[in-house]
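Report on the structure
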Amino acid sequence: MRTLSTITLFSLLSLASSAFAVDEAAAESLARKSGCFKCHAIDKKKDGPPYKEIAGKWKGKGDAEQKLTTHVTTSPKVKIDGKEEDHEQLKSKDPADVKNVVQWILSR
Ligand code: HEC
């Protein structure tokens, strides 16, 4: 019994510490600096889909972080009013900053 509960406690602790803590202020500030809010709001449709909708679309998909990271760092073509445009990139190339914004979007 004692062994079992120690293991349970241990796995709970390691789960908690592996969960990524989003720095909301930093994410919003980088998104603002990068012009993301021109086309995206949290829950209103603008030229781009709201972040809530993006989070919903990717919920539970294992490759969400990787796909969104590519999306915000490589300028894929997106359609805006029927015209193709290069999607905006984040104004930071630091993987930690990018991950923070991607996780922030995914947790809306
Ligand atoms: C000029 C308008 C515009 C700007 C600026 C813009 N986006 Fe987008 N974004 C779009 C559009 C349009 C889509 C939808 C593309 C699609 O689904 O084909 C999109 C989609 C996305 C997606 C979802 C991708 C997916 O595969 O589901 C993410 C995440 C995203 N944008 C993040 C950002 C971030 C972060 C920034 C700032 C660096 C940003 N966007 C700036 C227009 C914009």
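In this report, we go over the structure that sits alongside the text. (Residues numbered from 1 in each chain as written. Predicted model: local features only at pLDDT ≥ 70, side-chain atom pairs only at ≥ 80, totals over all residues. Heavy atoms only, no water.)

Details of helix 4 (residues 64-73)
Operational definition: Partly exposed describes any residue whose relative accessible area lies between the buried limit of under 20% and the exposed limit of over 50%, with all areas from a 1.4 Å probe on protein chains only and scaled to the type maximum. Runs of E in the DSSP output that reach at least two residues are strands. Runs of H or I that reach at least four are helices, and both are numbered from the N terminus. Think of the arc as the fan of directions from the helix axis to the C-beta atoms.
Taken together, the buried positions of helix 4 are Ala64, Leu68 and Val72. One side of helix 4 holds all its buried residues, which, seen down the axis, span an arc of 50°. Looking one or two places after helix 4, you find Ser75, whose phi comes out positive at around 50°.

A few points about the site of the ligand
Quick reminder of the rule: Any residue with at least one heavy atom within 4 Å of a molecule or strand is counted as near it. Under this definition, polar contacts are N or O atom pairs within 3.5 Å; protein pairs additionally need one hydrogen-donor-capable and one acceptor-capable atom, and for neighbouring residues in sequence, both atoms have to be side-chain atoms. Residue polarity follows a fixed list, in which Ala, Val, Leu, Ile, Met, Phe, Trp, Tyr, Cys and Pro are nonpolar, Asp, Glu, Lys and Arg are charged, and the others, Gly among them, are polar.
By nearness alone, 23 residues border the ligand, and Cys36, Cys39, His40, Lys57 and His87 come closest of all. The contact in question runs from an oxygen atom of the ligand to an N or O atom on the side chain of Lys57, over 2.7 Å. Contact between the ligand and His71: a nitrogen atom at 3.5 Å from a side-chain N or O atom of the residue. Here the shell around the ligand takes four residues from helix 3 (residues 51-58), the largest share from any one element. Here the shell around the ligand is built from residues that sort into 11 nonpolar, seven polar and five charged.

Points about the pairing of strand 1 (residues 77-80)
Put simply, the rule reads: Any two strands are treated as partners once DSSP identifies two or more bridges connecting them.
The two faces of strand 1 differ: Val78 and Ile80 on one face are buried, but Lys77 and Lys79 on the other face are not. Note that strand 1 and strand 2 (residues 83-86) share four bridges and pair antiparallel. Directly across from Lys79, in strand 2, lies its bridge partner Glu84. Once strand 1 ends, the chain turns through two residues before running back antiparallel as strand 2, passing Asp81 with a positive phi of about 55°.

What about the coordination of the iron atom of the ligand?
This is how it is decided: Only N, O and S atoms count as donors, using a 2.8 Å limit from the metal and a wider 3.2 Å limit for Na, K and Ca, and since water is excluded some coordination spheres may look unfilled. Angle rules define the geometry names used: all angles between 85 and 135 degrees makes four donors tetrahedral, while opposite donors over 155 degrees apart and all other angles between 65 and 115 make four donors square planar and six octahedral, leaving every other case irregular.
Distances from the iron atom of the ligand to its protein donors, His40 (NE2) and His87 (NE2), fall within 1.9 Å. One way to put it: the six donor atoms around the iron atom of the ligand meet at angles of 87 to 179°, and that makes the site octahedral. Of this pair, His40 sits in the loop between helix 2 (24-33) and helix 3 while His87 sits in the loop between strand 2 and helix 5 (95-106); the two residues are 47 residues apart in sequence, bridging distant segments of the chain. Using a relative accessible area of 10% as the deciding quantity, one classes His40 as buried. The buried category is assigned to His87, whose relative accessible area is 16%.

Let's talk about the packing of aromatic side chains
This is how the line gets drawn: Ring pairs shown here join Phe, Tyr and Trp side chains whose ring centres sit within 6.5 Å, with only the six-membered ring taken for Trp; geometry is labelled stacked below 30 degrees between planes, edge-to-face above 60, and tilted in between.
In total, this model carries three aromatic pairs according to the counting rule given. An angle of 90° between the planes, with centres 6.2 Å apart, marks the rings of Phe37 and Trp104 as edge-to-face. With Phe37 in the loop between helix 2 and helix 3 and Trp104 in helix 5, this residue pair connects regions lying 67 residues apart in the sequence. Pairing Tyr51 with Trp104 gives two aromatic rings, centres 5.6 Å apart and planes at 70°, and the pair type is edge-to-face. Highlighted residues: Tyr51 in helix 3 and Trp104 in helix 5, separated in sequence by 53 residues. Classification of Tyr51 by relative accessible area gives buried; the value is 4%.

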